[in-house]
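These are the residues of each chain, in order.
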Amino acid sequence: MNSLSSDVRLPLYQRLRDQLAEQIANNRWRPGEAIPTEAALSAEYKLSTGTVRKAVDALVSEGVLERQQGRGTFVRRPQFQSSLFRFFRFQTAAGERQVPESRILSIEPVAAPSAVAHALGLPIDSPVIRIVRVRLLDVQPVLAEEIWLPRSRFQPLLEIDLNRKGPLLYPIYEEVCGQVVASAEETLTAESVNDVHARLLKIPINSPVVVIERLARDYAGAPLEWRRSRGHAEHFRYSVDIR
């Protein structure tokens, strides 16, 4: 029998919700897999089906789980591939959309600077991995990215050639390190580009760039990745439907 280990001051359903999220983050059930039935979870945790249903409902409302009619309740796999392209438009002279090529420039173990440590919830100078990546269109850099990861979770990345693994990092995190990104928060700002990123983007220093900062988390809500993506303002667009 499993026991609940979270704060005893919380309601039972909340403690079960936290326990289930932790087990999903630890790969007891993988993305796309079904979790046990509510009856099975009731027996496992010695809780009423009403309490179990309330915990599962909470995870469904948060987007961690999804119910499929007649099949059960499954761990949901979020889709992040098109996120950047909500804000940046890359297209040919004829107006056709293009997806930039991805190229890893460096990956190295370093000590976490204060901003990185704060974002990832780590002590300053904790071991982290820093990845520098550019996205290119017709060999012209259009995005420059700094990506920071806790080294304890992502050590295997230092032992492979990321450029041979494909353009999307999240599937690599899952395949190589067993780390699944379940959610992310993004903020968007603008700045004048410094010399380092101007060189990466091959644009003049102090050119206007848009910065998308993303903090990605696992199913239990623990920070997994902090990244900053910078792109020249000429590629930026923002649109929203207001009804």
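Residues numbered from 1 in each chain as written. Predicted model: local features only at pLDDT ≥ 70, side-chain atom pairs only at ≥ 80, totals over all residues. Heavy atoms only, no water.

Looking up the protein chain in an unreviewed UniProt entry gives the name GntR family transcriptional regulator, with the organism given as Pseudomonas brassicacearum.

Peer 1: Talk me through the pattern of salt bridges; I want residue IDs and the actual numbers.
Peer 2: Tallied over the full model, the rule gives 22 salt bridges. For R53, the salt bridge identified is with E38, shortest N-O distance 3.0 Å. Here the residue R53 occupies a position in helix 3 (residues 49-61), and E38 occupies one in helix 2 (residues 38-45), the gap between them amounting to 15 residues. Residue R53 is classed as partly exposed on the basis of its relative accessible area, which comes to 40%. E145 is paired through a salt bridge with R227; the nearest N and O atoms lie 3.6 Å apart. A residue pair is termed long-range when its members are at least 10 positions apart, and E145 in strand 5 (residues 140-150) and R227 in strand 8 (residues 223-232) qualify at 82 residues. In terms of burial, E145 and R227 fall into one category: buried. (Salt bridge = Lys/Arg side-chain N within 4 Å of Asp/Glu carboxyl O. Helix = DSSP H or I, 4+ residues; strand = E, 2+ residues; numbered from the N terminus. Buried < 20%, exposed > 50% of the residue type's maximum accessible area, 1.4 Å probe, protein only.)

Peer 1: So what about the packing of aromatic side chains? Which residues, and what values?
Peer 2: Counting across every chain of the model gives two aromatic pairs. Relative to Y173, the ring of F154 has its centre 5.0 Å away and its plane inclined at 65 degrees; by these criteria the two rings are edge-to-face. Here F154, found in helix 5 (residues 151-154), pairs with Y173, found in helix 6 (residues 169-177); they are 19 residues apart in sequence, far enough to count as distant. The two residues F154 and Y173 agree in class, both being buried. Ring geometry for Y170 against Y173: centres 5.6 Å apart, planes inclined by 40 degrees, an arrangement best described as tilted. With a gap of three residues between them, Y170 and Y173 both fall in helix 6, about one helical turn apart. (Phe/Tyr/Trp six-rings, centres within 6.5 Å; stacked < 30°, edge-to-face > 60°.)

Peer 1: Lay out the domain arrangement of the protein chain with the relevant residues and their values.
Peer 2: According to the domain assignment, the protein chain consists of domain 1 (12-75) and domain 2 (80-235). Look at where the C-alpha atoms of domain 1 and domain 2 centre, and you get two points 32 Å apart. Contacts between the two partners involve nine residues from domain 1, matched on the other side by six residues from domain 2. For the domain 1 and domain 2 pair, buried surface summed over both sides reaches about 650 Å², with 58% attributable to carbon and sulfur atoms. In this assembly, domain 1 and domain 2 are joined by one salt bridge. We note a salt bridge from E174 to R30, for which the minimum N-O separation is 3.2 Å. The interface formed by domain 1 and domain 2 contains two residue pairs in polar contact (both at pLDDT 80 or more). (Domains from an automatic or database assignment. Contact = heavy atoms within 4.5 Å. Buried area = accessible area lost by both parts, 1.4 Å probe. Polar contact = N/O pair within 3.5 Å; in protein donor to acceptor, adjacent residues only side chain to side chain.)

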